[in-house]
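One-letter residues, chain by chain:
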Amino acid sequence: QSNVTSYGATALAIITLEAFAGVWINAFIVCVLGIGWVKKKTLNSNEKILLLLGFSRFWYLCISWAYSFLARIYPNYLYVHIILQLAVFFQTFFNYSNLWVSACLCVFYCIKIANFRNSFFIYLKVKIDRMVPLLLLGSGILAFAMGIVAYDVADKPHCNNHNSTRQGNFGKARIRMDKHFFPSFFLAGFGYAASFMTVIFSAVFLLFSLWRHKRKMQTNSMKDLSMDAHVRAMKSILSFLVMYSINFVCLVLEMVYVTEKRSHMTFLIVVFQYTFPGVHSLILIFSNPKLEKTLLKILSLERIVKCKFC
């Protein structure tokens with residue numbers, strides 16, 4: 001019993017640190033872009049995607065941490081059926097918003113920066129700014145649909161709510177694998193795989209465009225400022241691709257270990273899922289000149305205040 005209690009306390013402490021770090025990072029993105037929106041009355045397409053991404057990750061981390069806290073400290077509160085359903089719905093909604101808006105960001109970088117002479121690609125490059133609101137709306141609709149599916153799954157009688165001890169999207173409880181639950185697994189896997197493939201194709205197209213552009217520059221013996229844009233976008237997407245790959249593996253393993261009450265694999269999966277929204281958002285901050293400049297200004301002011309205080 002003492003080992004179980006110590007395991008739960010350690011897990012909750014690590015999850016809490018990761019969640020609060022991610023919450024502050026994404027809150028910074030939302031605040032900076034939101035203030036800029038209020039001042040300028042407008043946002044460019046990149047800032048719109050980043051604002052929605054930071055917003056969805058902020059609430060995903062808040063709801064996930066609240067659920068984990070209640071599941072370990074006050075599990076009786078989760079015995080109320082509607083609370084479990086709402087927690088599953090909102091966590092699934094914001095998680096899928098996170099995944100799909102991230103995929104939209106990669107597609108935006110690819111279309112905006114890559115250079116191809118294909119007429120359809122040129123059409124997309126011209127229309128991408130107008131398409132961004134539609135892409136974000138589509139991501140929200142898809143996330144809402146998956147949230148409804150998760151809400152329905154939580155309402156099934158084969159969910160044993162009293163054994164709920166872990167963090168996840170569909171498996172908030174020990175779930176008996178039967179014919180009613182496999183469609184939900186299929187939909188979850190399809191949603192993860194589709195967003196993952198979108199990121200892969202965006203990275204491949206941008207990498208191919210960078211290779212062609214670099215070869216052309218070497219042939220013509222000239223410099224081009226767009227090379228820097230290619231390199232910056234490529235670094236951002238490749239770092240995202242690596243993290244997204246690990247996250248995708250964790251999401252698959254989460255469905256495999258959905259019935260495990262306590263295991264080291266489940267703990268590692270949960271730890272990375274809390275790490276991903278914060279670390280990737282930090283990468284996006286340093287990939288965006290406006291956010292990076294604001295963050296460095298805040299850190300320098302804090303350093304000056306500390307020096308004066310000392």
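Residues numbered from 1 in each chain as written. Predicted model: local features only at pLDDT ≥ 70, side-chain atom pairs only at ≥ 80, totals over all residues. Heavy atoms only, no water.

## Brief notes about the overall build of the protein
A count of helical and extended segments in the protein gives eight helices and two strands. Secondary structure elements in the protein, listed N-terminal to C-terminal, are α-α-α-α-β-β-α-α-α-α. By the burial criterion, 45% of the 310 residues in the protein qualify as buried. Summed over its atoms, the accessible surface of the protein is roughly 16,500 Å², and 71% of this surface lies on carbon and sulfur atoms. (Helix = DSSP H or I, 4+ residues; strand = E, 2+ residues; numbered from the N terminus. Buried < 20%, exposed > 50% of the residue type's maximum accessible area, 1.4 Å probe, protein only. Areas by Shrake-Rupley, 256 points an atom, 1.4 Å probe, with all protein chains shown as cover.)

## Focus on the pattern of salt bridges
Tallied over the entire structure, the rule returns two salt bridges. Between lysine 290 and glutamate 47 there is a salt bridge; the shortest N-O distance is 3.6 Å. Separated by 243 residues along the polypeptide, lysine 290 in helix α8 (residues 289–309) and glutamate 47 in helix α2 (residues 45–73) bring together distant segments of the chain. When the shortest N-O distance is used, the salt bridge between aspartate 129 and lysine 112 registers 2.9 Å. Linking aspartate 129 in helix α4 (residues 119–154) with lysine 112 in helix α3 (residues 81–113), this pair joins segments that are 17 residues apart in sequence. (Salt bridge = Lys/Arg side-chain N within 4 Å of Asp/Glu carboxyl O.)

## Concerning the confidence of the model for the protein
The share of residues in the protein with pLDDT of 70 or more is 72%, and the mean pLDDT across the chain is 76. Averaged pLDDT values for the elements of the protein fall to 40 in strand β2 (residues 174–175) and rise to 89 in α2. (pLDDT = per-residue confidence, 0-100.)

## Section: the packing of aromatic side chains
Aromatic ring pairs are described here by two measures, namely the spacing of the ring centres and the angle between the planes. With the rule as written, the count across this model stands at 14 aromatic pairs. Between phenylalanine 116 and phenylalanine 208 the ring centres are 6.1 Å apart and the planes differ by 10°, which places this aromatic pair in the stacked class. Taken together, the residues span a long stretch of sequence, with phenylalanine 116 in the loop between α3 and α4 and phenylalanine 208 in helix α5 (residues 182–220) at a distance of 92 residues. According to the relative accessible area criterion, phenylalanine 116 is buried, its value standing at 18%. Phenylalanine 208 sits in the partly exposed class, given a relative accessible area of 41%. (Phe/Tyr/Trp six-rings, centres within 6.5 Å; stacked < 30°, edge-to-face > 60°.)

## Let's talk about empty space enclosed by the protein
Within the structure shown, the criterion is met by four cavities of 30 Å³ or more. Estimated volume of the second largest cavity: approximately 50 Å³. Taken together, the residues of the lining of the second largest cavity sort by class into five nonpolar, five polar and no charged. (1 Å grid on protein atoms, 1.4 Å probe; cavity = no way out; pocket = protein on both sides within 12 Å on 5 of 7 lines; lining within 4 Å. Points joined across faces, edges and corners; volume = space filled by probe spheres on them. Nonpolar A, V, L, I, M, F, W, Y, C, P; charged D, E, K, R; others polar.)

## Let's talk about the UniProt feature "transmembrane region" (unreviewed entry) in the protein
Residues given the UniProt feature "transmembrane region" (unreviewed entry) here are residues 12–37, 49–70, 82–111, 132–151, 185–208, 237–259 and 265–287. From the first C-alpha to the last, residues 49–70 spans 32 Å; its make-up is 100% helix and 0% strand. (UniProt positions renumbered as here; feature names shortened; annotations may be inferred.)

## Quick notes on the side chain of serine 202
Position of serine 202 relative to the elements: it lies in helix α5. Given the relative accessible area of 5%, serine 202 is considered buried. Ignoring sequence-local partners within four residues, the contact set of serine 202 consists of Cys106, Val107 and Cys110. (Contact = heavy atoms within 4.5 Å.)

## Remarks on α2
In a regular helix each residue adds 1.5 Å, so 29 residues correspond to 42 Å; α2 covers 42 Å between its end C-alpha atoms and thus fits that length. The opening residue of α2, the one whose side-chain oxygen lies 3.2 Å from the backbone nitrogen of asparagine 46, is asparagine 44. (Expected span 1.5 Å × (residues − 1). Polar contact = N/O pair within 3.5 Å; in protein donor to acceptor, adjacent residues only side chain to side chain.)

## Quick notes on the environment of valine 252
Tracing the backbone shows valine 252 in helix α6 (residues 226–256). Along the backbone, valine 252 and isoleucine 269 are 17 residues apart, and their C-alpha atoms lie at a distance of 9.8 Å.

## A look at a nonpolar patch on the surface
Where nonpolar side chains cluster on the molecular surface, the patch consists of Ile82, Ile83, Leu86 and Phe90 and spans about 310 Å² of accessible area. Inspection of the secondary structure assignment puts isoleucine 82 in helix α3. On the basis of relative accessible area, isoleucine 82 is assigned to the partly exposed category, the value being 40%. (Patch = residues over 30% accessible without salt bridge, like charges linked within 9 Å, V, L, I, M, F, W, Y side chains within 5 Å.)

## Concerning unusual backbone geometry
Within the chain, lysine 41 stands out as a residue other than glycine whose phi angle is a positive 65°. Mapped onto the secondary structure, lysine 41 falls in the loop between α1 (2–40) and α2.

## Notes on the environment of leucine 142
Relative to the elements of secondary structure, leucine 142 occurs in helix α4. For the pair leucine 142 and tyrosine 96, spaced 46 residues apart in the sequence, the C-alpha separation amounts to 7.7 Å.

## A short note on the environment of leucine 52
By the element assignment, leucine 52 lies in helix α2. With relative accessibility at 31%, the residue leucine 52 sits in the partly exposed group. Residues leucine 52 and leucine 136, spaced 84 residues apart in sequence, show a C-alpha to C-alpha distance of 8.3 Å. Once you skip the residues sitting within four places of it in the chain, leucine 52 turns out to touch Val101 and Leu136.

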